[in-house]
Amino acid sequence: QVQLVESGGGLVQPGGSLRLSCAASGSLLNIYDMGWYRRAPGKQREWVATITNGGGIDYGDSVKGRFTISRDNAKNTVYLQMNSLKSEDTAVYFCNAQVRTSFFRAADVYWGQGTQVTVSS
C-alpha cells in the first residue's frame, strides 16, 4: 500500500505565497513522476505541474512563472511553492505519484486526499 499525505494548504491573501508538501509512504520500490492537480469549485480537475524522478519539470499554462515544483527523493516528498497567488488559484490541491511497489507489478498512480487552498482578502 502507498499513502500520499498533503499539507500546507490554508487561507492566503491575493499576492501571497504558500508551500504545499506531499509525502509518500508505504511500499515504495520506485517513485517515478510526481505531480500536483487542483479542482476549483464547479470546475473539472486541472493539471498543475509534474516532476519526473530525473528532475524534468513541466507546468500548466495558468501557473507558469508563479508556481515551482520540486522534490526530495530522500524524503519521498514533492513540494509546490505557490507565489503571486490569485483568487482563481482557490481550489483543492491533490498530489499524485507513479509508484512501483513490487518487482512483480507495474507502477500504479496514487493520489493524496487533497488540501484546500483559499486565496481571498
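Report follows, based on the coordinates. (Residues numbered from 1 in each chain as written. Predicted model: local features only at pLDDT ≥ 70, side-chain atom pairs only at ≥ 80, totals over all residues. Heavy atoms only, no water.)

**As for the overall build of the chain**
Selection rule: Put simply, DSSP marks the helices as runs of H or I at least four residues long and the strands as runs of E at least two long, and each gets a number from the N terminus on. Only protein chains enter the accessibility calculation, which uses a 1.4 Å probe. A residue is then buried if its area is under 20% of the maximum for its type, exposed if over 50%, and partly exposed in between. Whether two residues touch is decided by their heavy atoms; if any such pair falls within 4.5 Å, the residues are in contact. Working definition of accessibility: Shrake-Rupley area with a 1.4 Å probe, residue cover restricted to the visible protein chains. Under the counting rule used here, the positive set is Lys and Arg, the negative set is Asp and Glu, and His together with the chain ends is not counted. Where a charge lies is defined by one atom per residue type: Lys uses NZ, Arg uses CZ, Asp uses CG and Glu uses CD.
Counting its secondary structure elements, the chain contains zero helices and 11 strands. For the chain, the residues scored as buried account for 40% of the 121 residues in total. Considering only intrachain contacts with a sequence separation of at least 6, the fraction spanning at least 24 residues in the chain is 55%. Counting only carbon and sulfur atoms, one obtains 47% of the accessible surface of the chain, whose full area is about 6,400 Å². Distance between charge centroids for the chain: 2 Å, based on 12 positive and 9 negative side chains.

**Observations concerning the packing of aromatic side chains**
For clarity, the cut-off: Any Phe, Tyr or Trp ring, taking Trp's six-membered ring, that has another such ring centre within 6.5 Å forms a pair; planes under 30 degrees apart are called stacked, those over 60 apart edge-to-face, and the others tilted. The rule is short: NZ of Lys or CZ of Arg within 6 Å of the ring centre and within 35 degrees of the ring normal puts a charge over the ring.
Enumeration according to the criterion identifies one aromatic pair in this entry. A cation sits over an aromatic face here: arginine 19 above tyrosine 79, 4.0 Å from the ring centre. Between arginine 45 and the ring centre of tyrosine 37, over which it is positioned, the NZ or CZ distance is 5.2 Å.

**Brief notes about unusual backbone geometry**
Positive phi outside glycine occurs at asparagine 76, with the angle close to 55°. Assignment of secondary structure puts asparagine 76 in the loop between strand S7 (67–72) and strand S8 (77–82). A positive phi is found at serine 84, a non-glycine position, where the angle reads about 50°. Topologically, serine 84 is positioned in the loop between S8 and strand S9 (91–100). Looking at serine 84, the relative accessible area reads 42%, which means it is partly exposed.

**Here we look at the pattern of salt bridges**
Selection criterion: Any carboxyl oxygen of Asp or Glu that lies within 4 Å of a side-chain nitrogen of Lys or Arg is treated as forming a salt bridge with it.
All chains considered together, the criterion is met by five salt bridges. For arginine 105, the salt bridge is made with aspartate 108, and the minimal N-O distance between the two is 2.7 Å. Here the salt bridges share partners, and the residues they tie into one network are Arg38, Glu46, Arg66 and Asp89.

**Points about the nonpolar core**
Grouped burial of nonpolar side chains is what soluble globular proteins tend to show. To be explicit about the condition: Residues belong to a common nonpolar core when they are buried Ala, Val, Leu, Ile, Met, Phe, Trp, Tyr or Cys residues joined through side-chain atoms within 4.5 Å.
Ranked by internal contacts, the top residues of the largest apolar core, which has 30 residues, are Trp36, Leu80, Met82 and Tyr93. Among the elements of the structure, strand S1 (2–7), strand S3 (18–26), strand S4 (30–39), strand S5 (46–51), S7, S8, S9 and strand S11 (115–119) are those that each provide at least two residues to this core. Considering each element in turn, this core owes the most residues, five residues, to S9.

**Examining the environment of glycine 54**
By secondary structure assignment, the location of glycine 54 is in the loop between S5 and strand S6 (57–59). Classification of glycine 54 by relative accessible area gives exposed; the value is 72%.

**Section: a nonpolar patch on the surface**
What counts is decided by this rule: Grouping into patches uses exposed residues only, defined as over 30% relative accessible area, and leaves out salt-bridged ones; the cut-off is 9 Å for like charges and 5 Å for nonpolar side chains (Val, Leu, Ile, Met, Phe, Trp, Tyr).
A contiguous nonpolar surface patch, about 400 Å² in accessible area, is contributed by Leu29, Phe103 and Phe104. Mapping leucine 29 onto the fold places it in the loop between S3 and S4.

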